[in-house]
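Analysis of the macromolecular model
So the chains spell out like this:
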Amino acid sequence: MTLTLTVEPFEARTASQEERLAVGELLAAGFIHAFPEDPPLRPEQEAVSLTHLNSTERDAQFVIRDGTRMLAWGRLSWDTEQNLHNAHARLTVHPQARGRGLGTQVARELEHVARREARTTVTFGTTDRNPDGEAFARHLGAQPALPMRVSRLDMTALDARQLRAWQTRPDGDEYRLHVWTVVPDEYLERVVDMMMVMNTAPKGDLDMDDWVITPQMVREWEAMIAEAGETRLLMAAEHLPSGRLDGYTEVFWDQHRAPLLYQGATAVRPEARGLGLGKWLKAAMLEHAAQECPGIHWVQTNNANVNAAMLGINVALGFQPWAQFTEWQLRLPELS
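Residues numbered from 1 in each chain as written. Predicted model: local features only at pLDDT ≥ 70, side-chain atom pairs only at ≥ 80, totals over all residues. Heavy atoms only, no water.

So, about the overall build of the chain. For the chain, the count of helices and strands is nine helices and twelve strands. Rg of the C-alpha trace for the chain: 21 Å, near the compact-globule value of 20 Å for 336 residues, within the 12% margin. In terms of its C-alpha atoms, the chain occupies a principal-axis envelope of roughly 80 × 40 × 35 Å. With 336 residues in all, the chain has 49% of them scored as buried. (Helix = DSSP H or I, 4+ residues; strand = E, 2+ residues; numbered from the N terminus. Rg over C-alpha atoms; globule rule 2.2 N^0.38 Å. Buried < 20%, exposed > 50% of the residue type's maximum accessible area, 1.4 Å probe, protein only.)

Structure follows, in structure tokens:
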């Protein structure tokens, strides 16, 4: 007799610890399939992330299970105050259960939620390390909206002279660097203002409005990072005469996956570009992270293919192409 597998809603916040861990194990299995050479994800950490949302965000999750084993999982999340036409999706099918239509079943439920919430554009990402993802995106009718180069830097190959040169500042320099794991209260508003510089980063063909960041969001992000057991280092360049923060960079590290450091956002205000702040921040952060995050071997970062300026800095540091990541866009009105 053939077992019928059906999609069911998954309420992560009320699910048992065992159920959340089962989804975490599914996510870890999918990661190992795509990135077998990387430090594996920790199922317990992935289980914690299932409940993470900002106070203005909502989500809907679905699973397909075989007994206590999760074979597929999907999540649609959206903001209730900004980009009201958008939603973001994630979907994973266990490597041993692919080719059975489970992903299509889950995607159908996510689409129903998107339509219910009047979301006309759904975004999601794929990596060429898992070719099934791109094929599935095209099967859904999605369009590639923002291709990105995933690069890795071998920390053992760093040029120490170059790092020193990029950190050499002119006499009477009006800037100084700060580094925080938690943003001090007296800098919170300035950090929020600085982070919104990321709205100037290329969006490709993504149908997305600029995001407004709030102090509450930053505090919520910090709390989620701490709950997941990660370390986030944020380095900012302060313009001393005005007190304005003109640039920043951030990295993320998990001591249980110590060899891999993830480079997050790096941005410099348009009016402060050309002063060497981006190079200074990147070089200083690499030196600081090497001291604070023992065991780092690789630094991984994503750059939009059209972001020539930041890509140029990373190439000069020694970042090498490692994979391709694509942000896809599915416009629901175009579906039949």
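That was the structure; now back to the text.
Further remarks concern the packing of helix α3 (residues 102–116) against helix α4 (residues 131–140). Orientation of α3 relative to α4, taken along the N-to-C sense of each, is 50°, at an axis distance of 12 Å. One element, α3, and the other, α4, form an angle in the oblique class. The handedness of the crossing between α3 and α4 comes out as right-handed. Residue-level contacts link Gly103, Thr104 and Ala107 of α3 to Phe136, His139 and Leu140 of α4. Grouping the constituent residues of the contact of α3 with α4 by class yields three nonpolar, three polar and no charged. (Axes fitted to C-alpha atoms, helices over the stretch in contact; angles between N-to-C directions. Parallel < 35°, antiparallel > 145°, perpendicular 65-115°, else oblique. Left-handed = near helix turned anticlockwise from the far one by under 90°. Contact = heavy atoms within 4.5 Å. Nonpolar A, V, L, I, M, F, W, Y, C, P; charged D, E, K, R; others polar.)

Looking now at the pattern of salt bridges. Per the stated rule, a full pass over the model turns up 25 salt bridges. Between Asp159 and Arg161 there is a salt bridge, and its shortest N-O distance comes to 3.9 Å. Two residues, Arg269 and Asp246, come together in a salt bridge whose shortest N-O distance is 3.2 Å. Taken together, the positions of Arg269 in the loop between β10 (260–268) and α8 (277–292) and Asp246 in strand β9 (residues 244–253) put the pair 23 residues apart, joining distant regions of the chain. The class for Arg269 is buried, based on a relative accessible area of 8%. Each of Asp185, Arg219, Glu222, Arg232 and Glu250 takes part in one network of salt bridges that share partners. (Salt bridge = Lys/Arg side-chain N within 4 Å of Asp/Glu carboxyl O.)

Following the sequence through the fold, Trp166 ends up in helix α5 (residues 160–166). On the accessibility criterion, Trp166 (13% relative accessible area) is buried. Remark: the alpha-carbon pair of Trp166 and Leu277, spanning 111 residues in sequence, is separated by 8.9 Å. Once you skip the residues sitting within four places of it in the chain, Trp166 turns out to touch Lys279, Trp280, Ala283, Ile313, Ala316 and Leu317.

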